[in-house]
Amino acid sequence: MVDTLTIRRPDDWHLHFRDGDIMRGVVPYTARQFARAIVMPNLTPPVTSAAMAREYRERIRAAVPQGVSFEPLMTCYLTDTTDADDLARGAAEGVFTAAKMYPANATTNSASGVTDVEGIYPVFERMEAEDIVLCIHGEVVDADIDVFDREAEFIDRYLAGIAQTFPNLRIVFEHITTSDAVEFVKAGSEKIAATITPQHLHINRNAMLVGGIQPHNYCLPVAKRESHRLALRAAATSADPAIARKFFLGTDSAPHLRGDKESECGCAGIFGAPYALESYVTVFDEEEALDRFEAFASLNGPTFYKLPVNEETVTLERVAMPVPAELPLVGETIVPWHGGQMLGWRFVG
Ligand code: NCD
Ligand code: ZN
């Protein structure tokens, strides 16, 4: 039995750092495990210009602990009025690594998102020409669509059309939660990939709704039924490299203070950063796919994003590790993913 696993240092291809004191409190958790991270732009106000992204990047860099190497990769929040010239310039200057499309009101801080997907086709056209990656929060949020059907509906209504209209646009279907999304990505060209969170590999919707409402298992897109979870696990750990390389690690770590989760209208988001690698490796271990973990965590993402893989390595060891029920943050507390549980792996460094 494998008791330690050493892999190239991974990257997190989707997360939320927030800003200010919360950002300064959460950045060290990610910088400890990951070399780089794609930082989501859903601040208030959102990061919509290269100038804003440059400043935000500096604030994040200043929060990285001394002696730790970590590089934030910035994204541009797309709106109905995105300036394609600014986006292209920001990408050319190395400020933007990708642009993120949130359908308006799909999730936390997405009120300025895109209201008319075809309305920003000119921006997609420019992104395709400049080879800028498009990250998509794929959910239709119309009131007549059941919350559990939002992702599948998005594929039919929008994503298939975007992929067809812009065959050379690199698209990351973010935090996928359904077998529909897995099948779409598998059937797509090499320009289509997806990130998968630890929570969607570990839990189905029962974990949110059985035995009382479980706010710390609530995120968007919401966890789906068990068959979908199994499809995600099969995709992430696939023995077929042609399938596996389309899926990579993106925690969607989304910090909300404990009080904001345990509330009459609890926020969506799971704080996955502190024990992210332990969480993912547990899944690969359970699936007897430890030999495929490095590709998912450290190789597939850089290949898709056309970035170099990291040269350093990290080691995980098989040992019982209790996860704290809560962590201090800005004088309050936050519940980490797996809070209060026992994991079977520990990040050594
Ligand atoms: C994210 C957040 O809190 O910013 N929440 C979440 O549940 N994942 C937004 C998002 O990625 O949808
Ligand atoms: Zn997210």
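Residues numbered from 1 in each chain as written. Chains lettered and ligands numbered in written order. Predicted model: local features only at pLDDT ≥ 70, side-chain atom pairs only at ≥ 80, totals over all residues. Heavy atoms only, no water.

Peer 1: Describe the coordination of the zinc ion (ligand 2), naming the residues involved and giving the relevant values.
Peer 2: Distances from the zinc ion (ligand 2) to its protein donors, namely H14 (NE2), H16 (NE2) and D252 (OD), fall within the range 2.0 Å. Around the zinc ion (ligand 2) sit 4 donor atoms, and with donor-metal-donor angles ranging over 91 to 144° the site reads as irregular. Considered as a linear motif, the donors of the zinc ion (ligand 2) on their single chain read H-x1-H-x235-D. On the criterion of sequence distance, the pair formed by H16 in the loop between β2 (12-15) and α1 (20-33) and D252 in the loop between β9 (247-249) and α11 (258-261) is long-range, its members being 236 residues apart. Accessibility classification places H16 together with D252 in one group, the buried group. (Donors = N, O, S within 2.8 Å, 3.2 Å for Na, K, Ca; no water. Tetrahedral: all angles 85-135°; square planar, octahedral: opposite > 155°, others 65-115°. Helix = DSSP H or I, 4+ residues; strand = E, 2+ residues; numbered from the N terminus. Buried < 20%, exposed > 50% of the residue type's maximum accessible area, 1.4 Å probe, protein only.)

Peer 1: Can you explain the layout of surface pockets? Please cite residues and give values.
Peer 2: Each pocket or cavity is described by its volume, and for the largest pocket that value is around 230 Å³. Every residue lining the largest pocket is counted, 17 residues in all, and those nearest its centre are R18, D19, L43, T44 and N109. The element best represented in the lining of the largest pocket is helix α2 (residues 50-63), accounting for 3 residues. When its residues are assigned to classes, the lining of the largest pocket shows 7 nonpolar, 5 polar and 5 charged. Quantified by volume, the second largest pocket comes out at close to 190 Å³. Considering the residues around the second largest pocket, the lining is formed by R170, E190, K191, I192, A193, R245, K246, N300, T303, F304 and K306. (1 Å grid on protein atoms, 1.4 Å probe; cavity = no way out; pocket = protein on both sides within 12 Å on 5 of 7 lines; lining within 4 Å. Points joined across faces, edges and corners; volume = space filled by probe spheres on them. Nonpolar A, V, L, I, M, F, W, Y, C, P; charged D, E, K, R; others polar.)

Peer 1: If you had to explain the packing of aromatic side chains to someone new, which residues and values would you point to?
Peer 2: This model, assessed by the stated rule, comprises 16 aromatic pairs. The interplanar angle of 15° and the centroid separation of 4.6 Å between the aromatic rings of W13 and Y305 together place this pair among those described as stacked. In this pair, W13 sits in strand β2 while Y305 sits in helix α13 (residues 293-305), placing the two residues 292 residues apart along the sequence. Overall, W13 belongs to the buried group, its relative accessible area being 0%. Owing to a relative accessible area of 5%, Y305 belongs among the buried residues under this scheme. (Phe/Tyr/Trp six-rings, centres within 6.5 Å; stacked < 30°, edge-to-face > 60°.)

Peer 1: Which residues make up the site of ligand 1, and what values go with them?
Peer 2: Around ligand 1, 15 residues are found, and the nearest of them are R18, T107, L220, D252 and H256. Taking H137, its side chain carries an N or O atom lying 3.4 Å from an oxygen atom of ligand 1. The contact in question runs from a nitrogen atom of ligand 1 to an N or O atom on the side chain of D252, over 2.7 Å. Taking 310 Å² as the accessible area of ligand 1 by itself, protein coverage stands at 100%. Residues of the shell around ligand 1, tallied by class, amount to 4 nonpolar, 9 polar and 2 charged. (Near = heavy atom within 4 Å. Polar contact = N/O pair within 3.5 Å; in protein donor to acceptor, adjacent residues only side chain to side chain. Areas by Shrake-Rupley, 256 points an atom, 1.4 Å probe, with all protein chains shown as cover.)

Peer 1: Tell me about the sheet that holds strand β10 (residues 313-322), and please be specific about residues and values.
Peer 2: Taken in spatial order, the 3 strands line up as β1-β10-β13 in an open sheet, and their pairing is antiparallel. Both edges of this open sheet fall to β1 (4-8) and β13 (342-347), since each of them pairs with a single strand only. Across the sheet, the axes of successive neighbouring strands diverge by a mean angle of 30°, strand direction being ignored. Across 5 bridges, the pairing between β10 and β13 is antiparallel. Paired with P322 across the strands is M342, a residue of β13. Of the strands in this sheet, β1, β10 and β13 touch helix α12 (residues 276-286), which is tilted by about 110° from β13. Docked against the sheet, α13 engages β1 and β10, running at close to 25° with respect to β1. (Pairing = 2+ DSSP bridges. Axes fitted to C-alpha atoms, helices over the stretch in contact; angles between N-to-C directions. Contact = heavy atoms within 4.5 Å.)

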